[in-house]
Every structure is written in C-alpha cells, then in structure tokens.
Amino acid sequence: MATYSLNINNEQHTFEASEGTSLLWILREHLGLTGTKYGCGIAQCGACTIHVDGTPVKACMLQVQNFGNGQKITTIEGLSENADHPVQKAWIEVQAPQCGYCQSGQIMQAAALLNGDSQPSREKIKSYMNGVLCRCGTYLRIIDAIELASSKKPLT
C-alpha cells in the first residue's frame, strides 16, 4: 500500500491505498464521502461525477495514483457548505429528483456547465448533460432546474 495526499473539498486528506484503487472508492470507502455514487463502473452513467480542477470527470475510472499533484478535487459534499449552491437550490425548487440516485452526478455536471456558461441555451444544456443518465427519466425537470439556476446570480 502506498500513501497518498489529496486536496478534496479544500481539505488535505492523507491515506493509504493500493495502486489502482479508483478515486470513487477512495472517496466513499476511505474518506466517507458517500454523496458520489457508484452506478456502472465504466464511466458511462455519470452517477460518480466529481470536479477535478473545475472539470467534471467520472471518478469510477480514475485511479488514485494519478492524483496528488495539487489537483483540486470537489465532490457534491464540497460544492457548498450548506447545500445552498444555486444548482442545489434550483433542484429542490423544481423537485428535479425522483429516486435521487443520479442526482449528485447531475448536480456536479450542471454546476460545471454553469461555471463555464452562466446562461446556456436549452440545446447546450441538453448536450452538456448528455453524459449523466437518469434511470427515472426526470430529464425535463433537470433541464428546468438548470435554467432556473442560470437565472440566479452569482454562481460560485
């Protein structure tokens, strides 16, 4: 086992893990950050979406040894201190989730979209969110939530 030190949610975390361990398992099993979900294990569903230096990535296929060079990793727990990020608030307001399993991935993907484009078109939202699947099919409410969040300033 090797020792790793990662910046996760603006805190330095040091832990031991085997090389090849996925970042998803580090977050969930080693650090107790269970908001990031395991969905498919092959980076297709997006339930495990997190941010690395502000870019949305799928944690299930990322190996721990590829991190630790100062990258800033953000999970759903680190998106805001009190679940008051504009995207999170909009999610609640439009009642976007049904079962809720994919929602942390959806929210992380949406937050990255709005950080890069605070007023995206409906078509851009659809395209950008395409990589995060919702088995319940709440896509229209998800789009509505993103549009609502884009109408509120400032986004952080």
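Residue indices follow the written sequence of each chain, beginning from 1 at its first position. Local features in this predicted model are restricted to residues whose pLDDT is 70 or higher, and side-chain atom pairs enter the listing and the counts only when it is 80 or higher, whereas totals over whole chains, interfaces and linings include all residues. Each side-chain value is worked out from all heavy atoms of the structure, with water and hydrogens disregarded.

## Quick look at helix α1 (residues 23-30)
Next, step 1: Every buried residue of α1 is listed here: Leu23, Leu24, Ile26, Leu27 and Arg28.
Next, step 2: Any pair of residues with heavy atoms lying within 4.5 Å of one another is described as a contacting pair. Only runs of H or I of at least four residues qualify as helices and only runs of E of at least two qualify as strands under DSSP, and these elements are numbered from the N terminus. Buried residues along α1 sit against β1 (2-8), β2 (11-17), β3 (49-52) and β5 (72-74).
Next, step 3: At the exit of α1 stands Gly32, carrying a positive phi of roughly 70°. Partly exposed residues are those whose accessible area sits between 20% and 50% of the maximum for their type, while under 20% is buried and over 50% is exposed, using a 1.4 Å probe and protein chains only.

## Some thoughts on the packing of helix α2 (residues 86-94) against helix α5 (residues 139-150)
Geometry of a packed helix pair, given as the angle between the helix axes and the separation of the axes.
Next, step 1: Angles shown run from 0 to 180 degrees and are taken between the N-to-C directions of axes, each axis being a line fitted to C-alpha atoms and, for helices, limited to the stretch in contact. For the pair α2 and α5, the least separation of the axes is 8 Å and the interaxial angle reads 130°. It follows that α2 is oblique to α5 by the angle criterion. Seen along the crossing, α2 lies across α5 with a hand that is right-handed. Residue-level contacts link Pro86, Val87, Ala90, Trp91, Glu93 and Val94 of α2 to Arg141, Ile142, Asp144, Ala145, Ile146, Leu148 and Ala149 of α5. Between 65 and 115 degrees an angle is taken as roughly perpendicular, under 35 as roughly parallel, over 145 as roughly antiparallel, and anywhere else as oblique. With the far helix as reference, a near helix turned anticlockwise by less than a right angle produces a left-handed crossing, and one turned clockwise produces a right-handed crossing.

## Section: the nonpolar core
Next, step 1: Val87, Trp91, Ile142 and Ile146 are the most contacted members of the largest nonpolar core, which totals 22 residues.
Next, step 2: Not counting residues up to four positions away in its chain, the partners in contact with Ile142 are Trp91, Ala96, Gln103, Gln106, Met129 and Cys134.
Next, step 3: As used here, the term nonpolar core means buried Ala, Val, Leu, Ile, Met, Phe, Trp, Tyr and Cys residues forming a set that is joined through side-chain atoms within 4.5 Å. Within the second largest apolar cluster, 18 residues are counted, among which are Leu23, Ile26, Cys48 and Val64.

## So, the side chain of Thr138
Next, step 1: Mapping Thr138 onto the fold places it in the loop between α4 (122-129) and α5.
Next, step 2: Sequence-distant contacts of Thr138, defined by excluding residues within four places in its chain, comprise Ala96, Gln98 and Gln103.

## Here we look at the pairing of β3
Next, step 1: The two faces of β3 match: Thr49 and His51 on one face and Ile50 and Val52 on the other face are all buried.
Next, step 2: Whether two strands pair comes down to DSSP finding at least two bridges between them. Inspection of the sheet shows β3 paired to strand β4 (residues 55-58) by 4 bridges, in the antiparallel sense. Note on β4: the bridge partner recorded for Val52 is Thr55.

## Here's the deal with α2
Next, step 1: Here α2 has its buried residues at Pro86, Val87, Gln88, Ala90 and Trp91.
Next, step 2: In this structure, the buried side of α2 is in contact with α3 (103-116) and α5.
Next, step 3: Of the residues flanking the end of α2, it is Gln95, one or two places downstream, whose phi is positive at about 55°.

## What to know about unusual backbone geometry
Next, step 1: Although it is not a glycine, Ala43 sits at a positive phi angle of roughly 60°.
Next, step 2: With respect to the element layout, Ala43 can be found in the loop between α1 and β3.
Next, step 3: Of note, Asp53 is a non-glycine position whose phi angle comes to about 55°, a positive value.
Next, step 4: Along the chain, the position of Asp53 falls in the loop between β3 and β4.

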